[in-house]
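Structure at a glance
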Amino acid sequence: MEATIATQWIMACYVDDVPENGGSCIKHGDEQIAIFNFTRRNEWYATQNLCPHKQQMAISRGMIGSAGESCEPKVACPFHKKTFSLLTGECLGEEELVIKTYPVKIADGKVFVGVD
Amino acid sequence: MSKPTIIVVGNGMVGYKFCEKLLARSTQFQIIVFGEEPRHAYDRVHLSEYFNGKTADDLSLSTLSWYSDNGIALHLDDPIQEINRTEKTIHSLKGVTLKYDYLVLATGSSAFVPDIPGIEKEGVFVYRTIEDLELIKACAVNAKSGAVMGGGLLGLEAAKALIDLGISETHVIEFAPRLMPRQIDSAGSNMLQMKLSQLGLHIHLNKSTAAITGDKKIHSLKFNDDSQLAVDMLVISAGIRPRDELAKLAGLHVGTRGGIVVNEKMQTSDECIYAIGECALYEGMIYGLVAPGYEMADIVAAHLTEADKSFYGYDMSTKLKLIGVDVASFGDAFITEPDCRTILFEDTHKGIYKRINITNDGKNLLGGILIGDADAYNMLLQTVNNKIVLPPDPEDLILGSRGGEANAGAGVMSLPDDALICSCEAVTKGAICSAVNDGGVTGIDGMKKCTKAGTGCGGCVPLVKDLIAGTMKANGQYIKNVICEHFDYSRQELFDLVKINGLKNYDLVLDHYGKGDGCEICKPVVASILSSLWNDVIVKQEVIQDSNDRFLANIQKGGTYSVVPRIPGGEITPDKLIVIGQVAKRYGLYTKITGGQRIDMFGAHLSDLPLIWEELIDAGFESGHAYGKALRTVKSCVGSTWCRFGLHDSVTFAIEVEDRYKGIRAPHKIKGGVSGCVRECAEAQSKDFGIIATEKGWNLYVCGNGGSKPQHAQLLATDIDKETVIKYLDRFLMFYIKTADQLTRTATWLNKLDGGMSYLKNVIVNDSLGLGEQLEEEMQALVNTYHCEWKEAINNPSMRKRFAHFINAPDEKDPHAQFEPMREQVRAKEW
């Protein structure tokens, strides 16, 4: 038997709720999830909205971009510009901080986020 | 076989560093640490920054989990009471008894408190730990005057702390006839004293305190010469005493004047017990700096892992900034003729004193002292330590090269490979260069990660940067001043390219001239360039704007925003004041008068911003651009309309100037000031541009700066009329906007400008580049296209929609944004 945790897909918002090449925040119960519409790469990402550096609910208001030769997609918290990989959630600076990432699916102009 | 146990007594900087150094060498030890303070190790060197807003967490050397992650058992708030050397055990205050194989004493030092009658009174403090600082901070709230006993290095640090805490009258009392007698000579002391007195510090020399008077609380100091000084508080900083009481109790050999005697391996008279840092006495000397403490820590770590390393004393050269004044002493600072030759430079106007001591044959540098300007310190220290042969005119080392092509010395690249660059982390020039050559390091951040150079006191960072640049240059790597990894252009180059090609949005600019997907550095730079060129509404490209520009407000703790309407020249009608009050009340905002003569409202939820602005705009307000790299305020004094000294109407002029340049985006924020007479109540000379009335017209100053590195504005033109002021300002601001690097204030821009002020004067006043008319036209185009971006944002439904915290619940506010009451208003909850 495979031990997988069932992913539950929730309808987060509509595609045009999230600015192109930017992010928005959605509420899922008590959870705040940042959703990024990386139009330039035709990709979507979702992470926790809380920046672990100073415990601020702000990641969704940060700028996205890429880092390095591999063009790792990233987001920078607007507070102190700590940057995190949108793929792994790992901090790309010196700090040992990690944020949670979520899978995203697009269907019928709607954005779905996979939660545990 | 179980691991040998090492118990470290003391969790200060050196004790912590020992753990780090030992772990780097071996994991074959069980490490147990005892600390007397309730906090884990923190940065004591930068303790005074605690008063500038740094928190205890900021000062921590590591996270608390670092200890457990590395298998270290940490006992805080539990001083060791006794060492039993026969049993090889220790006993702590909380009753812990543990066996050790090796013991490392890193007990540090305590403040020396002289035995003066009244020393126990309330309001008398020492300055060593965060707890001491908290007590001082609490007392300073109600204190108007304070004194520091001791005019040494730590005493002056403490005096700085009192000034930072807002004590308006701060005294320094020194027993000796001069300040910092251990580090600098008497001419240097005099210069330092002069500078510090100018900065408002009251310095009393040759004063011996006889008693501290007052009932329960300190009231005044009584001196041996029968004079008195009334103060509300006193900080004792009369020297340090090594904490050797535990060692003494255990029968270890200690010096007659304190300190645990150690050999070159840092072993005490018991070979299983080491002592390191300020508690250790090596050849009759206590080393009261952090770098030698770190070196001692490494020597013990080496000895325990059977590596060969010994302590041979340590260079006590030091450079610091005391209350804004550079002070440095290096090598043999005190050697005098005939044992050497001395070159002196003294400038009482600027408060600079420099002394270098060179060998009689003029070949080598022995040491020296720098007061007021210590930029040359790193290079001079390297010249001493590496016995670099001096240039034929060694005075160039402190005066700079005057005329001719000659450059003083051959710079950092001439240092030998074993030259110690970062003494805190013991990183040599060779290690830094090889990190560039083999490790692919190209910047200071990478270097810190790779070698740890520059992560201690940070004093070597400029030198490390020069070495990185020098090594890359030597390799033929072209070092360009580029914006970031996505654009191989400087801001000025990209500005011209965007302009010539008429590019209007970020993606186009990135496609044409960049690579990758951009980042948080280049996006705001391009946004600023686009805005300076085309002056379009910035929120049309919201996602490339910096944090504050994106939502046209300043993000604050807790994720709420602050709102600043423009109040040109600081003039406001009673009706408008009432509107601000009503709006603040309605939305529960904290209000404060800003330094720029306007009113800031804090604590606005994102979704309330459009509602707040709707009301403000209805009442005739406009955006104040407090969130933008743009013109902030033009501060004014009352001027000739009311003031009996005023020569001209400074308020009207300030309003005209502020209205002219409002909204224009620049590489950094811009502030202005207009004063109605030479008394300069608007503090215009600390602004990016300052206008001061004269009998015949106005004087125009430019490139002043407050901030962390204050700089006075310099005179650009004298006795000119209003129209000429505007003409020169147009040219000046546009020239700055077009040529400065991102996030560079006008002062720094000028400092980096080849030819400096005389060049700038030539361009602006004499129109030496023939650009004058063009710059004026470009500025006029920006003035003509001004718009209030808040007005645009609230009137545009799709822009307005973005001002919501939850996009799927736009009416709900962020529950994480929380407030606490404070003085009848609210404040953001601490993070």
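Along every chain, residues carry numbers that run from 1 in the direction the sequence is written. Chain A is the first chain written and ligand 1 is the first ligand written, with later ones labelled in order. The model is predicted, so local features are restricted to residues of pLDDT at least 70 and side-chain atom pairs to those at 80 or more, both for listing and for counting; the totals for chains, interfaces and linings are taken over all residues.

Notes on the overall build of chain A
Selection rule: Strands here mean DSSP runs of E at least two residues long; helices mean DSSP runs of H or I at least four residues long; both are numbered from the N terminus. Residue burial here comes from a neighbour count, namely the number of other C-beta atoms, placed from the backbone, that lie within 10 Å of the residue's own C-beta, with 20 or more meaning buried, 12 or fewer meaning exposed, and in between meaning partly exposed. Our contact criterion uses C-beta atoms placed from the backbone: two residues qualify when those atoms are within 7 Å.
Within chain A one finds 0 helices and 12 strands. The secondary structure elements of chain A, listed N-terminal to C-terminal, are β-β-β-β-β-β-β-β-β-β-β-β. Sorting the 116 residues of chain A into buried and exposed places 45% on the buried side. Sequence separation of 24 or more characterises 43% of the internal contacts of chain A that already satisfy a separation of 6 or more.

Details of the overall build of chain B
Scanning chain B for helices and strands turns up 26 helices and 39 strands. Across the 831 residues that make up chain B, the buried fraction comes to 46%.

Considerations on helix α6 (residues 186-198) of chain B
Residue and element names in this part refer to chain B. For clarity, the cut-off: A helix is expected to span 1.5 Å for every residue after the first.
Between its first and last C-alpha, α6 extends 18 Å over 13 residues, near the 18 Å set by a 1.5 Å rise per residue. All of the buried residues in α6 are Gly188, Ser189, Met191, Leu192, Gln193, Lys195 and Leu196. Here the buried face of α6 lies against β12 (202-204), β23 (325-331), β25 (352-358) and β26 (365-371). In the segment just after α6, Gly200 is the residue with positive phi, at about 100°.

Overview of the nonpolar core
We count it as follows: A set of buried Ala, Val, Leu, Ile, Met, Phe, Trp, Tyr and Cys residues, joined to one another through C-beta atoms within 7 Å, is what we call a nonpolar core.
The biggest cluster of nonpolar side chains holds 84 residues, and the ones touching the most others in it are Ile33, Ile35 and Phe36 of chain A together with Val526 and Leu609 of chain B. Examining the composition of this core, we find that 7 residues originate from one element, helix α16 (residues 522-534) of chain B, more than from any other. Ignoring any residue separated from it by four or fewer positions in sequence, one finds Ile33 of chain A in contact with Ala12, Cys25, Ile26, His28, Ala46, Gln48, Asn49, Tyr102 and Val113 of chain A. Listed in part, the 73 residues of the second largest apolar core include Tyr100, Ile299, Val412 and Leu463 of chain B.

Considering the interface of chain B and chain A
Using the following cut-off: Classes in brief: Ala, Val, Leu, Ile, Met, Phe, Trp, Tyr, Cys and Pro nonpolar; Asp, Glu, Lys and Arg charged; the others, Gly included, polar.
Between chain B and chain A, the residue contacts involve 24 residues of the former and 31 residues of the latter. Broken down by class, the residue content of the side of chain B that touches chain A amounts to 7 nonpolar, 7 polar and 10 charged.

Details of the environment of Asn37 of chain A
Residue and element names in this part refer to chain A. Secondary-structure assignment places Asn37 in strand β3 (residues 31-38). Given 24 C-beta atoms within 10 Å, Asn37 falls into the buried group. The spacing of Asn37 and Asp17 is 20 residues in sequence and 9.5 Å in space, taken between C-alpha atoms.

Some remarks on the sheet that holds strand β6 (residues 97-99) of chain B
Residue and element names in this part refer to chain B. Condition: DSSP-based pairing: two strands are paired if at least 2 bridges between them are found. In this analysis, axes come from line fits to C-alpha atoms, helices being fitted only over the stretch in contact, and the angle between any two N-to-C directions falls in the range 0 to 180 degrees.
Read across the open sheet, the 3 strands follow the order β4-β5-β6; overall the sheet is antiparallel. Since the sheet does not close on itself, it has two edges, and those belong to β4 (80-84) and β6, each with one partner. For this sheet, the mean inter-axis angle between neighbouring strands, taken without regard to orientation, is 20°. Judged from the 4 bridges that link them, β4 and strand β5 (residues 89-92) form a sheet pairing that is antiparallel.

A short note on the packing of helix α21 (residues 722-739) of chain B against helix α24 (residues 772-784) of chain B
Residue and element names in this part refer to chain B. This is how it is decided: Oblique is the label for any angle not under 35 degrees, not over 145, and not in the 65 to 115 range, which are roughly parallel, roughly antiparallel and roughly perpendicular in turn.
Contact pair α21 / α24: the axes reach a minimum separation of 8 Å and the direction vectors enclose 85°. Compared by their axis directions, α21 and α24 come out roughly perpendicular. Contact residues: Lys727, Asp730, Arg731, Leu733, Met734 and Phe735 in α21; Gly772, Leu775, Glu776, Glu778 and Met779 in α24. Its residues assigned to classes, the contact of α21 with α24 comprises 5 nonpolar, 1 polar and 5 charged.

Concerning the confidence of the model for chain B
Residue and element names in this part refer to chain B. Cut-off, in case you're wondering: As a per-residue measure, pLDDT reflects the predictor's confidence and takes values from 0 up to 100.
When pLDDT is averaged along chain B, the result is 89; 98% of the residues meet or exceed 70. A low-confidence stretch, residues 403-410 (pLDDT under 50), is modelled with 14 contacts involving residues beyond four sequence positions or located in other chains. Among the prediction metrics, the complex's ipTM stands at 0.90, with pTM recorded as 0.55.

Overview of the sheet that holds strand β14 (residues 220-223) of chain B
All names here are of chain B. The 3 strands are arranged β13-β14-β15 in an open sheet whose pairing can be described as antiparallel. Because the sheet does not close on itself, it has two edges, and the strands there are β13 (209-213) and β15 (228-230). Going from strand to strand, the sheet's axes swing by 20° on average, the running direction of each strand aside.

Side note on the packing of helix α11 (residues 429-437) of chain B against helix α13 (residues 461-474) of chain B
Helices that pack against each other are described as a pair by the angle of their axes relative to one another and the distance between those axes. Residue and element names in this part refer to chain B. The cut-off we apply is this: Two helices crossing with the near one rotated counterclockwise from the far one by less than a right angle form a left-handed crossing, whereas a clockwise rotation gives a right-handed crossing.
Interaxial distance between α11 and α13 falls to 9 Å at its minimum, and their mutual angle equals 50°. Judged on the interaxial angle alone, α13 and α11 are oblique. Here α11 and α13 pass one another in a crossing that is right-handed. Listed contacts from α13 to Lys429, Ile432, Cys433, Val436 and Asn437 of α11 are Val464, Leu467, Ile468, Thr471 and Met472. When grouped by side-chain class, the residues that make up the contact of α11 with α13 number 7 nonpolar, 2 polar and 1 charged.

Some details on the pairing of strand β16 (residues 233-236) of chain B
Residues and elements named next belong to chain B. The two faces of β16 match: Met233 and Val235 on one face and Leu234 and Ile236 on the other face are all buried. In this structure, strand β9 (residues 124-126) lies alongside β16, joined through 3 bridges in parallel fashion. Pairing of Val126 across the sheet is with Ile236, part of β16. One ladder, built from 4 bridges, connects strand β10 (residues 145-149) with β16; its direction is parallel.

With respect to the confidence of the model for chain A
Low pLDDT means the predicted atomic positions in that stretch should not be read closely. Per-residue pLDDT for chain A averages 90, and the proportion of residues at 70 or more is 94%. Here strand β6 (residues 56-57) of chain A stands out as the element of chain A with the lowest mean pLDDT, 90, in contrast to strand β4 (residues 43-48) of chain A, whose mean of 96 is the highest.

Quick notes on unusual backbone geometry
In this structure, the amide linkage connecting Glu337 of chain B to the following residue, Pro338 of chain B, adopts the cis form with an omega of 10°. Summarising the element assignment, Pro338 of chain B is placed in the loop between β23 and β24 (341-347). One non-glycine residue, Asp108 of chain A, adopts positive backbone phi at about 50°. Position of Asp108 of chain A among the secondary structure elements: in the loop between β11 (104-107) and β12 (110-115).

A word on the pairing of strand β2 (residues 22-28) of chain A
Residue and element names in this part refer to chain A. A large share of β2 lies buried, amounting to 5 of its 7 residues. As paired elements, β2 and β3 share 7 bridges and run antiparallel to each other. Residue Gly22 lies in a different strand from β3, and its bridge partner there is Asn37. Connecting the antiparallel pair β2 and β3 is a turn made up of 2 residues, with Gly29 showing a positive phi of about 60°.

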